[in-house]
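# Residue-level structure breakdown
Below are the chains, spelled out letter by letter.
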Protein chains: 4
Amino acid sequence: MIRFDSDYLEGAYPKILKKLVETNYDQEAGYGKDEYTKSATYKIRKALNNDNVDVHFLVGGTQTNMTVISSILRSYQGVICTDTGHINVHETGAIESFGNKVITVKNEEGKINIKQIQELVDLQRNYDLPEHLVMPKLVFISLPTECGTNYTKEELKEIYDVCRKNNLYLYIDGARLGYGLVAKDTDIKLQDLTELCDIFYIGGTKCGALFGEAVVIVNDELKKDFRYYIKQRGAMLAKGRILGIQFDTLFDNNLYFKICKQAVDLALRIKEAAIEKGYKLFFNSFTNQQFIIMPNIKLKELEKEFAFFKWQKYDEENTVIRICTSWATTEENVNKLIEKL
Amino acid sequence: MIRFDSDYLEGAYPKILKKLVETNYDQEAGYGKDEYTKSATYKIRKALNNDNVDVHFLVGGTQTNMTVISSILRSYQGVICTDTGHINVHETGAIESFGNKVITVKNEEGKINIKQIQELVDLQRNYDLPEHLVMPKLVFISLPTECGTNYTKEELKEIYDVCRKNNLYLYIDGARLGYGLVAKDTDIKLQDLTELCDIFYIGGTKCGALFGEAVVIVNDELKKDFRYYIKQRGAMLAKGRILGIQFDTLFDNNLYFKICKQAVDLALRIKEAAIEKGYKLFFNSFTNQQFIIMPNIKLKELEKEFAFFKWQKYDEENTVIRICTSWATTEENVNKLIEKL
Amino acid sequence: MIRFDSDYLEGAYPKILKKLVETNYDQEAGYGKDEYTKSATYKIRKALNNDNVDVHFLVGGTQTNMTVISSILRSYQGVICTDTGHINVHETGAIESFGNKVITVKNEEGKINIKQIQELVDLQRNYDLPEHLVMPKLVFISLPTECGTNYTKEELKEIYDVCRKNNLYLYIDGARLGYGLVAKDTDIKLQDLTELCDIFYIGGTKCGALFGEAVVIVNDELKKDFRYYIKQRGAMLAKGRILGIQFDTLFDNNLYFKICKQAVDLALRIKEAAIEKGYKLFFNSFTNQQFIIMPNIKLKELEKEFAFFKWQKYDEENTVIRICTSWATTEENVNKLIEKL
Amino acid sequence: MIRFDSDYLEGAYPKILKKLVETNYDQEAGYGKDEYTKSATYKIRKALNNDNVDVHFLVGGTQTNMTVISSILRSYQGVICTDTGHINVHETGAIESFGNKVITVKNEEGKINIKQIQELVDLQRNYDLPEHLVMPKLVFISLPTECGTNYTKEELKEIYDVCRKNNLYLYIDGARLGYGLVAKDTDIKLQDLTELCDIFYIGGTKCGALFGEAVVIVNDELKKDFRYYIKQRGAMLAKGRILGIQFDTLFDNNLYFKICKQAVDLALRIKEAAIEKGYKLFFNSFTNQQFIIMPNIKLKELEKEFAFFKWQKYDEENTVIRICTSWATTEENVNKLIEKL
């Protein structure tokens, strides 16, 4: 069985394991106070061309979202996101479990627009008894979105402008940030992010690491006491070195983006082959996730050799499948899939 | 200024104040252990023709909803309601503040239907990794709805059936229960409720009391330790007698429904006059709340003498206004309004 | 049976009920926007000789404590109080239910001292990994304490100084504030409180009202968006007028303190009689609560005619009882009790 | 610098890294559904000689404690532990952040006794208004304790008996379980635990793993929907295989206990040398943590070459230091330390 059902099927990019082995006997302070974490922080700041950001390393995506969002909001404030937003649908209500409402708007291919944000803000602020409504205070977007689509730099700038105008924060979930930033449907570069949002994270788990997400806090207002939240949410790894080592490796010599670029290239080969063979796409993604509308009969046949993630039913005869590539995807396996498509 | 903007503009039905004065020097145990609370409980059980229900008296609606719902759900479970549901829009996220997600469906004149419930349940249970999704465990409806509409007995039975089939609880918010049950668009009687849901409350604040809501727990599974939740939520009145006295009065000789009936009759007179004069209704309500589409020009004129609640903008030239009647609404004032409509 | 077991055995000071009856048909805006609430606010500010404080009216003590404390603290911050503090022992963990730790120190007759506060602050701040410990951010004291004792002005000033020096807030629970301030073991006056803490409440429930507590926010930092917390905690009464009317009455012509003084005078008569008859006191209280060590044999006899609150077992042969007086306590009943002591 | 300040200074036992490297390209399902997790579960059940327990793998200790405890308790229930309990002092109030009170008793060398538990239960159950108090529902103990001490089998049996008698659950934090079970001051064996508590965890982070804790649920009542809590708490690793691989290695051929035994042997050599040289012990520990009272002058000298954890000030001239050994501690370094002691 050759699996394309997710981008976390294998371990880690081999250099990471190599570094873990090499450094295994070094004695290092715990809880993110080690030298590798310092080095990784230094490299990320350099990649961002920004020395003022705070960088913290957490273990996983849901954990990162709940830690970040609960650190920003007071109990009467809510976070705006699309109905497809990861925090709204696939995190078991972790945001609500810390007391905050997720206020949703209808997505368009995974994306939110500024009109939707402004309307929610106006609705609450203009209400006769505003304290009866949850106050929108944060906008959550994913880059790329859960549908594999991207915002352009212009779009993101507009969103951040509307946030600042209305005294909202903007948080970007970058679980697959590397795949998004190398995609050709956006002109956003990593360095741009420190100008285009208040806080974001650089995903490791789905981009070559064993696990790990690097939270980057741009806005000074959100920096204070963040380590208390990390610890309280159970997100402070005793052997923080393991996170440091991984990101130190990923941000060495641009490895993070090389890994992601290679996976995206393979994904696009599958996409093009699918189009050529007459399949329709469910979302037009240029990232490592591809969404193909597949006749159930054909799917059954393919599933003898390949594993996919069934995104949703399309109609009685077709299913939307998601195909993912990662650092570990081989050209050979992609060729096999294309051949059978 | 004659006000029709809500049903909590005045104090309490005079008999209630009279009783408070008469009993003022009686020495009674605190926290709902007094004789008046016992008597009120007895009368409510009698009105329900059911001795097995537990009855608890709380102070207000948001407090009751948050106490009841947080007592039922575990943190990974959610409550289904319409997008117009009071807990979703007008309680400052109180449900989420205790950790639970409010899962919304699109309302139809304030109402939910069984297809919507079943789909949400199926979506979660059939998901490949069900623990990534909030588990629907409770359905919240209002009777009458926030739009003044009602469920029929058949509709409510269907909803409760779909709940029980799927192992969900059903909770009815009866903030305006009296007005709903005397309306002619439903055949539900108070006694029916113990067969048609797991837990509900009989609203006092909007139906003649100074304040107070009577929670009725039908399902044995939900009875245990409910007083702990009342106390922890700050909802246990030290002088519980004040709640007892009010409901003891309201459920004496059917007063609760007489009060509501009189208010509904006056509301219907306004409704009929409005129709006669060519106004369109926004919702077709048979309760004490009437929703009328009003030209802005006319509204401005009426507002010199009358206060209404502006429900929402209808279009550039019209506004939806809500008109409420209550125990204190006089025929004289209704006549004045009708004359000027 | 003549009851002395609590100070919330009866209804309300008669003038309050009279005012409720007189104003019953007035139409007033809901949620604390009514004229009576404005007037009560005005009178409280005048009594405090301070126009800059914010005043909010809530329903009960536990509700007030949880609303105030959860509005001040972030999740990783805690509130310091004595082990006997009401929030620690008698509110079903309401503070923790909103996510905050109650950090306790051993009481001395119900009181905390500045050494205890400083030690807790130092312990956390000097810890090698401070984010592993809950950060003390608020001190909670009761005035008078749960043991009926009082702080002097000098003691309170010292506590507030140590709070400010360490960047902590000070909150005073004034459930029985009136009884405390008229007692002869303190020189604190109501006006002093705006110089001696950040936020406090003036208790109504136990001092003559049907129910109700007036929160006074002195520190500007704590004022913002407080109404959102009131609403979200289920503490915003729809008919807010009922709270306004009560405090408007209590703060008319110094009534609040007259009521409390009268009750304290009667309590002190009981205290003196008890001492004279050879009873030992458990706490030396000058407020409306008296704590007497009573032989079980004598207690049994007295209980045929009188009700007391059993505070705790003293030893095999003696029990500590609490005797409370209130606005409704009569000289006649006090004489009867003294006679039988 | 040779460091003895904690047992998480190095990476992982080399076999674990080796296994991670070997399996790196295997494609495995996420979220704990992989083959390694199955194998690890199988081996742990075998080591416990019990097929009925549920086993779940989480990332860290605070995360495990907060996930387990919040899955067991309702909001009005609390967990009893010693004042030195890890959840009480070193987890930033994570338990409270999910709404539950930590009810503390004074420790004796880190331990709790059954009298303390019974008294807390009686206090609440016999209180006149029991719902005003947090209901004790869970006892938390650490094995070994935070002070390096152990319970005997008889002591643990008594504690569990008093829990069951009073309808409380018993949870054992086994962050250093391996070190505890190989110590000579207890006769508890791993297999005994399924008879002596309702739920416990086998610590990996401090016992040879990169990270990871294995939760073992014995009591059927606590098994239901536990994966929802893991996911909601951000504790479900996408690449769950990494946890599976680690515990699969640790529970292969008794490796877990071999690692711990070796570390304990070295710790005892240090302990004996310290006693011989006339140092006093602060706690009498037979585990990998040793607590020595050290003159400040001597400490300063030693700190030129060695790192220790300063547990607390002893008096003006002495400090309590904690010395930890682990899988990575070498005899050579222990000899160097002993020589300089």
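Residues numbered from 1 in each chain as written. Chains lettered and ligands numbered in written order. Predicted model: local features only at pLDDT ≥ 70, side-chain atom pairs only at ≥ 80, totals over all residues.

Moving on, we come to the overall build of chain A. On a plain count of helices and strands, chain A comes out with 14 helices and 13 strands. A globule of 341 residues ought to have a C-alpha radius of gyration of about 20 Å, and chain A, at 20 Å, matches this closely. Principal-axis analysis of the C-alpha atoms gives chain A an extent of 60 × 55 × 35 Å. For chain A, with 341 residues in total, the buried portion stands at 59%. (Helix = DSSP H or I, 4+ residues; strand = E, 2+ residues; numbered from the N terminus. Rg over C-alpha atoms; globule rule 2.2 N^0.38 Å. Buried ≥ 20, exposed ≤ 12 C-beta atoms within 10 Å, placed from the backbone.)

This part is about the relation of the copies chain D and chain A. Least-squares fitting of chain D to chain A yields an RMSD of 0.0 Å, with the superposition described by an axial translation of 0.0 Å and a rotation of 180 degrees. In the structure described here, the two chain copies are related by an operation that fits a two-fold rotation axis. Comparing contact sets, 100% of the residues at the interface of chain D also lie at the interface in chain A, consistent with an isologous, same-surface contact. (Least-squares fit on C-alpha atoms with pLDDT ≥ 70 in both. Contact = placed C-beta atoms within 7 Å.)

All names here are of chain A. Where helix 6 (residues 114-125) meets helix 7 (residues 153-165), the axes come as close as 9 Å, and the angle between the chain directions of the two elements is 10 degrees. If you check the angle between helix 6 and helix 7, you find them roughly parallel. Contacts from Ile114, Ile117 and Gln118 in helix 6 reach Glu158, Ile159 and Val162 in helix 7. Here the contact of helix 6 with helix 7 is composed, by residue class, of 4 nonpolar, 1 polar and 1 charged. (Axes fitted to C-alpha atoms, helices over the stretch in contact; angles between N-to-C directions. Parallel < 35°, antiparallel > 145°, perpendicular 65-115°, else oblique. Nonpolar A, V, L, I, M, F, W, Y, C, P; charged D, E, K, R; others polar.)

What follows is about the interface of chain D and chain C. With 16 residues of chain D at the contact, the number on the chain C side is 16 residues. Its residues placed into classes, the side of chain D that touches chain C shows 4 nonpolar, 9 polar and 3 charged.

A word on the domain arrangement of chain A. Residues and elements named next belong to chain A. With domains assigned, chain A is organised as domain 1 (2-8 + 256-340) and domain 2 (14-255). Within the residue set of the side of domain 1 that touches domain 2, elements represented by two or more residues are helix 12 (255-276) and strand 10 (289-295). For the side of domain 1 that touches domain 2, the residue count by class is 11 nonpolar, 4 polar and 3 charged. (Domains from an automatic or database assignment.)

With that out of the way, let us pick up the relation of the copies chain D and chain C. Take chain D, turn it by 180 degrees, move it 0.0 Å along the axis, and it overlays chain C with an RMSD of 0.0 Å. Looking at chain D, 100% of its interface residues are interface residues in chain C too, so the copies touch through the same face.

Listed as interface residues are 41 residues of chain D and, on the opposing side, 41 residues of chain A. Elements represented by at least two residues in the side of chain D that touches chain A include exactly helix 1 (14-22), helix 3 (61-72), helix 5 (94-97) and helix 10 (226-232) of chain D. By residue number, the principal contributor to the side of chain D that touches chain A is helix 1 of chain D, which donates 4 residues. Residues of the side of chain D that touches chain A, tallied by class, amount to 19 nonpolar, 15 polar and 7 charged.

Quick look at helix 2 (residues 35-48) of chain B now. Working note: α-helix, 3.6 residues per turn, so residues spaced by three or four point in the same direction. Residue and element names in this part refer to chain B. Here helix 2 spans 20 Å end to end across 14 residues, near enough to the 20 Å set by a 1.5 Å rise per residue. Buried within helix 2 are the following residues: Tyr36, Thr37, Ala40, Thr41, Ile44 and Leu48. With its buried residues spanning 135 degrees around the axis, helix 2 presents them on a single face. The inward-facing, buried residues of helix 2 contact strand 2 (54-58), helix 9 (193-196), strand 8 (213-217) and helix 11 (241-250). Backbone geometry just downstream of helix 2 places Asn49 in the positive-phi region, at approximately 55 degrees. (Expected span 1.5 Å × (residues − 1). Arc of directions from axis to C-beta.)

The subject of this paragraph is the packing of helix 2 of chain B against helix 11 of chain B. Two packed helices can be described by the angle between their axes and the distance between those axes. All names here are of chain B. Orientation of helix 2 relative to helix 11, taken along the N-to-C sense of each, is 35 degrees, at an axis distance of 7 Å. Regarding helix 2 and helix 11, the two cross each other, and that crossing is left-handed. Together, Tyr36, Thr37, Ser39, Ala40, Lys43 and Ile44 of helix 2 and Arg241, Leu243, Gly244, Ile245, Phe247 and Asp248 of helix 11 make up the contact between the two elements. In terms of residue class, the contact of helix 2 with helix 11 is built from 6 nonpolar, 3 polar and 3 charged. (Left-handed = near helix turned anticlockwise from the far one by under 90°.)

Moving on: the environment of Tyr42(C). All names here are of chain C. One can find Tyr42 in helix 2 (residues 35-48). Tyr42 gets classed as partly exposed once you count the C-beta atoms within 10 Å, which come to 14. For the pair Tyr42 and Val264, spaced 222 residues apart in the sequence, the C-alpha separation amounts to 27 Å.

In this section: the pairing of strand 13 (residues 318-324) of chain A. All names here are of chain A. The buried count for strand 13 comes to 6 of 7 residues, which makes it a mostly enclosed element. When strand 10 meets strand 13, the two strands line up antiparallel, connected through 7 bridges. Across the sheet, Pro295 pairs through a bridge with Asn318, a residue of strand 13. Of the strand pairs in this sheet, strand 12 (residues 309-315) and strand 13 are connected by 5 bridges, and their pairing is antiparallel. Across the sheet, Asp315 pairs through a bridge with Asn318, a residue of strand 13. The turn joining strand 12 and strand 13, which pair antiparallel and follow one another in sequence, is formed by 2 residues. (Pairing = 2+ DSSP bridges.)

Right, let's talk about the sheet that holds strand 7 (residues 199-203) of chain A for a bit. Adjacent strands of a sheet pair through backbone hydrogen bonds, lying either parallel or antiparallel. Residues and elements named next belong to chain A. The 7 strands lie next to each other as 2-8-7-6-5-3-4, forming an open sheet whose pairing is mixed. The open sheet has two edge strands with one neighbour each: strand 2 (54-58) and strand 4 (102-105). For this sheet the average axis-to-axis angle between neighbouring strands, irrespective of direction, equals 25 degrees.

Take the nonpolar core next. Membership of the largest hydrophobic core comes to 459 residues, with the highest contact counts inside it found for Val216(A), Val216(B), Val216(C) and Val216(D). Dropping the residues within four chain positions of it, Val216(B) is found in contact with Ile44(B), Leu48(B), Val53(B), Val55(B), Ile199(B), Phe200(B), Tyr201(B) and Ile202(B). (Core = buried A, V, L, I, M, F, W, Y, C linked by C-beta atoms within 7 Å.)

Okay, the confidence of the model for chain A next. Taken as a whole, chain A shows an average pLDDT of 98; of its residues, 100% reach a score of 70 or greater. Model confidence for the complex is summarised by a pTM of 0.97, with the ipTM given as 0.97. (pLDDT = per-residue confidence, 0-100.)

Residues and elements named next belong to chain C. In spatial order, the strands read 2-8-7-6-5-3-4; together these 7 strands make up an open sheet with mixed pairing. Of all the strands in the sheet, the pair left with one neighbour each is strand 2 (54-58) and strand 4 (101-105). Averaged over all adjacent pairs, the angle separating strand axes in this sheet is 25 degrees, with direction ignored. Sheet analysis places strand 2 next to strand 8 (residues 213-217), joined by 5 bridges and oriented antiparallel. Bridged to Leu58 within strand 8 is Glu213.

The next point concerns unusual backbone geometry. With an omega dihedral of -5 degrees, the bond running from Leu143(C) to Pro144(C) counts as a cis peptide bond. In this fold, Pro144(C) is placed in the loop between strand 5 (135-142) and helix 7 (153-165). Unusually for a residue other than glycine, Asn254(A) sits at a positive phi of about 65 degrees. Positionally, Asn254(A) belongs in the loop between helix 11 (241-250) and helix 12. Positive phi, normally seen in glycine, also occurs at Asn49(D), with a value near 55 degrees.

On to helix 7 (residues 153-165) of chain B, then. Residues and elements named next belong to chain B. With 13 residues, helix 7 should cover 18 Å at 1.5 Å per step; its first-to-last C-alpha distance of 18 Å lies within 8% of that length. Within the sequence span of helix 7, burial applies to Leu156, Ile159, Tyr160 and Cys163. All buried residues of helix 7 fall inside an arc of 95 degrees around its axis, so they share one side. Structural note: helix 7 exposes Glu154 and Lys165 on the side pointing more than 90 degrees away from its buried face. Of the residues one or two after helix 7, Asn167 is the one with positive phi, at around 65 degrees.

We now examine the environment of Gly32(D). Residues and elements named next belong to chain D. Mapped onto the elements of the fold, Gly32 is located in the loop between helix 1 and helix 2 (35-48). The exposure class of Gly32 is buried, given the 25 C-beta atoms found within 10 Å. Sequence separation between Gly32 and Arg227 is 195 residues, and the spatial gap between their C-alpha atoms is 9.7 Å. Not counting residues within four places of it along the chain, the set of residues in contact with Gly32 comprises Thr37, Phe57, Met236 and Gly240.

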